[in-house]
Amino acid sequence: MRNSILNPYIVYALSWALVLLLYDFAWSEMFPPISNMLYTFIISTSIVSLILGLIFLKKRYFAYHKIKYAPGKIRKLTTIYVVLNILEIVYSRHIPILSIVLGGKTDSTNYGIPILHPLVVTLGIFLGLYIFHMIISVPKEYRSKLYIYYMLSYIGVFVIYGRGLMFMTILGCAIIYAMSKKLQFKQYILLCAFSIVTLFFFGLFGNIRVGELGVDITKVGQASSKFENSGVPTEFFWSYIYMTSPIANLEYNIESTPDKQITFGDVGLLYMSEIIPQFISNKIISAPVAESKLIVESLNVPTVYARCYSIAGEKGMWIMFLHIIFYIFIVLALIPKSSEYFVVS
């Protein structure tokens, strides 16, 4: 087994560092400046997470290991996944990707079987990561048999044209690949080139999706003169907006909602609405919980912390961060390092 510098805690810290760096580019006029409170929270949680990551690194806990070739298991899981996607299409009576190709409007939020749909999407992401891990683990002569199953793992996100989910899966595969290798300079260059190409196509497909509707992402995202004068292709503005709009929405919520004194009732509501699965919490919480405020309705990701702030103020954000830290501990305690699912988890 090979010790890997990439683990959930270090990834958390690096992700926020990247987002803050990109946000500082100021490529969008609609994004508010980050407040001292939010800066302090992000930097503090990143430092805590980085320290934990380095402790686990020193203990060699996140060691990468190969997994065995298991075509029977892959075939069975993929068959279940494909059947579930067919059932979702039959239930929904439409295919979002076809509506987009034909130039019509579609709402993927109304697609799929209630309760089951998130599980189907999650199964597809898991399959993509698990099969990729197997591909880079087994000898070359077995890999060709796995490629078709790897492509099938993207059926669910392809049907709903889930570019964000597809991007996250590919990013996860890149992280697994980086864990598996002691990367040389040439491989770092190749990974960077692959990332740039992936981000370009992410934006290109975004332009295709909204182009026929007469929507311009630089208008929706209110591209600043800094971006327009940078010479960067507009396709990359999609990635910039996707990566930075969540923190902008979080800051917008902080500015729009004064901090509050937390109560036990707030803590209970936070856990019920933000941590307990929705199909359970909906049966317990009678009154609707206020939704997070958005700068623009189409940019509807406000980070995991936004509603926590709305419910319980800054302390609510810290409660969620501590939950994330302990959730990772629990997952690691339940999945042994020798498990074939350890790297994917």
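Everything below is about the structure printed above this text.
Summarised in this report is the structure supplied together with it. (Residues numbered from 1 in each chain as written. Predicted model: local features only at pLDDT ≥ 70, side-chain atom pairs only at ≥ 80, totals over all residues. Heavy atoms only, no water.)

## Description of the pattern of salt bridges
Working step 1: Enumeration according to the criterion identifies one salt bridge in this entry.
Working step 2: We note a salt bridge from Glu340 to Lys73, for which the minimum N-O separation is 2.5 Å. One end of the pair, Glu340, is in the segment after helix 15 (306–334); the other, Lys73, is in helix 3 (residues 71–92), and 267 residues separate them in sequence. (Salt bridge = Lys/Arg side-chain N within 4 Å of Asp/Glu carboxyl O. Helix = DSSP H or I, 4+ residues; strand = E, 2+ residues; numbered from the N terminus.)

## Quick notes on the side chain of Asn7
Working step 1: Mapped onto the elements, Asn7 comes out in the loop between strand 1 (2–3) and helix 1 (8–23).
Working step 2: The class for Asn7 is buried, based on a relative accessible area of 2%.
Working step 3: Separated by 3.0 Å, the side chain of Asn7 and the backbone nitrogen of Ile10 make a polar contact.
Working step 4: A distance of 3.2 Å separates a polar side-chain atom of Asn7 from the backbone oxygen of Gly53.
Working step 5: For Asn7, the residues in contact, after removing those within four places along its chain, are Gly53, Phe56, Leu57 and Phe62. (Buried < 20%, exposed > 50% of the residue type's maximum accessible area, 1.4 Å probe, protein only. Polar contact = N/O pair within 3.5 Å; in protein donor to acceptor, adjacent residues only side chain to side chain. Contact = heavy atoms within 4.5 Å.)

## What about empty space enclosed by the protein?
Working step 1: Tallying each qualifying case throughout the model produces one cavity of 30 Å³ or more.
Working step 2: Here the largest cavity defines a volume of roughly 40 Å³.
Working step 3: Every residue lining the largest cavity is listed: Tyr81, Val121, Gly124, Ile125, Ser153, Tyr154, Val157 and Thr169.
Working step 4: Residue contributions to the lining of the largest cavity peak at three residues, all from helix 5 (residues 116–135).
Working step 5: Broken down by class, the residue content of the lining of the largest cavity amounts to five nonpolar, three polar and no charged. (1 Å grid on protein atoms, 1.4 Å probe; cavity = no way out; pocket = protein on both sides within 12 Å on 5 of 7 lines; lining within 4 Å. Points joined across faces, edges and corners; volume = space filled by probe spheres on them. Nonpolar A, V, L, I, M, F, W, Y, C, P; charged D, E, K, R; others polar.)

## Considerations on the layout of surface pockets
Working step 1: The volume enclosed by the second largest pocket comes to roughly 400 Å³.
Working step 2: Along the wall of the second largest pocket there are 14 residues; nearest its centre are Phe132, Tyr150, Ile170, Cys173 and Phe194.
Working step 3: Elements represented by at least two residues in the lining of the second largest pocket include exactly helix 6 (140–152), helix 8 (163–180) and helix 9 (185–211).
Working step 4: Element by element, the count of residues in the lining of the second largest pocket is highest for helix 8, at five residues.
Working step 5: Taken together, the residues that form the lining of the second largest pocket break down as 13 nonpolar, one polar and no charged.

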